[in-house]
Amino acid sequence: MEPIIAGNWKMHSDPSESRKLVQELLEAVGDVKERIVILIPPFTSLPCVGELIRNTRFKMGGQNMHWERQGAFTGETSGLFLKAVGCEYVILGHSERRHVMGECDDVINKKIRTALEIGLIPIFCVGETDGERASGETRRVIERQIKEGLKGIESEVHKMILAYEPVWAIGTGKTATPEQAVEVHEFIRSMLKKPSTILYGGSVKPDNIDVLMKEKEIEGVLVGGASLKAESFTRIVRFKR
Ligand code: 13P
């Protein structure tokens, strides 16, 4: 499969900034054939980004969703609404949802189930904190996140994308070395019942993308900060092996 380059814009880019960024990206990498490019803007920018990328090679994802399809859940968004504006993917289990918003494995599992039921491709994120790595707990934490997140849906893992995002590498400029990433990717892969695509995320930048993508274990990247500027994201999309 073609490598996946996904840009998670987090809580950045209002609709007019989003429009400008998409237009620049379409011009720069709209024709790139050997990559799957997924743009993941904040909810309020999804309709305009969805319009702009219609009939292009770019794909779109949401950053989160509720596990119910609709109901009295003030401030939440349904996966069905994401689909209605053109999303094919949804990030679930991102470390900022786990650690800042207090989402636990059980909630993430419910969301993954619903995403699969309604036909969205989950981008299921796992990753250890600095302290967990320092105390030798990386594998234990990743194992728990994978087991709990996939409870009851282990045989559907081929319908998802997984992302290894070490928390200590997110937004810190401290990227995992290719060896560190590969080690965890192999560990994750050993736990899966079926083959699934595994991305790396955490301070992916133009100056480290080539070395990361040289590893065949790393099947793509989930990019935060460097996806907000057309120039840096373009260089990442156009990585060289
Ligand atoms: P940064 O690339 O800014 O470290 O963010 C990574 C991330 O969290 C992508 O989901």
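Refer to the structure printed above.
Cut-offs applied
- Residues numbered from 1 in each chain as written.
- Predicted model: local features only at pLDDT ≥ 70, side-chain atom pairs only at ≥ 80, totals over all residues.
- Heavy atoms only, no water.
- Core = buried A, V, L, I, M, F, W, Y, C linked by side-chain atoms within 4.5 Å.
- Buried < 20%, exposed > 50% of the residue type's maximum accessible area, 1.4 Å probe, protein only.
- Pairing = 2+ DSSP bridges.
- Helix = DSSP H or I, 4+ residues; strand = E, 2+ residues; numbered from the N terminus.
- Axes fitted to C-alpha atoms, helices over the stretch in contact; angles between N-to-C directions.
- Contact = heavy atoms within 4.5 Å.
- Near = heavy atom within 4 Å.
- Polar contact = N/O pair within 3.5 Å; in protein donor to acceptor, adjacent residues only side chain to side chain.
- Areas by Shrake-Rupley, 256 points an atom, 1.4 Å probe, with all protein chains shown as cover.
- Nonpolar A, V, L, I, M, F, W, Y, C, P; charged D, E, K, R; others polar.
- Phe/Tyr/Trp six-rings, centres within 6.5 Å; stacked < 30°, edge-to-face > 60°.
- Lys NZ or Arg CZ within 6 Å of the ring centre and 35° of its normal.

1. Some remarks on the nonpolar core
- One finds Leu 39, Ile 146, Ile 188 and Tyr 200 to be the most contacted residues of the largest nonpolar core, which totals 59 residues.
- By size, the runner-up hydrophobic cluster in this structure holds 13 residues, among which are Ile 36, Ile 91, Ile 161 and Leu 199.

2. Regarding the sheet that holds strand β2 (residues 36–40)
- Taken in spatial order, the eight strands close into a barrel running β1-β2-β3-β4-β5-β6-β7-β8, and their pairing is parallel. Adjacent strand axes in the sheet meet at a mean angle of 25 degrees, parallel and antiparallel pairs treated alike.
- In this sheet, strand β5 (residues 121–126) lies alongside strand β4 (residues 89–92) in parallel orientation, the contact comprising four bridges. Along β5, the bridge assignment pairs Ile 91 with Ile 123.
- The strands touched by helix α2 (residues 46–53) are β2 and β3 (59–62); relative to β3, the strand with the most contacts, the crossing angle is about 165 degrees.

3. Considering the site of the ligand
- For the ligand, the set of nearby residues contains 13 residues, the closest of which are Lys 10, His 94, Gly 171, Ser 203 and Gly 225.
- Take Gly 171: an N or O atom from its main chain is 2.6 Å from an oxygen atom of the ligand.
- Calculation on the ligand without its partners gives an accessible area of 310 Å², and the protein chains cover 97% of this total.
- Residue composition of the shell around the ligand, by class: four nonpolar, seven polar and two charged.

4. Here we look at the packing of aromatic side chains
- The tally for this structure, following the rule as stated, stands at one aromatic pair.
- Above the plane of the ring of Phe 239 lies Arg 35, whose end atom (NZ or CZ) is 3.8 Å from the centre.
- Of note, Lys 110 hangs over the ring of Trp 67, and the distance from its end group to the ring centre comes to 4.1 Å.

Read these as geometric descriptors, not functional statements.
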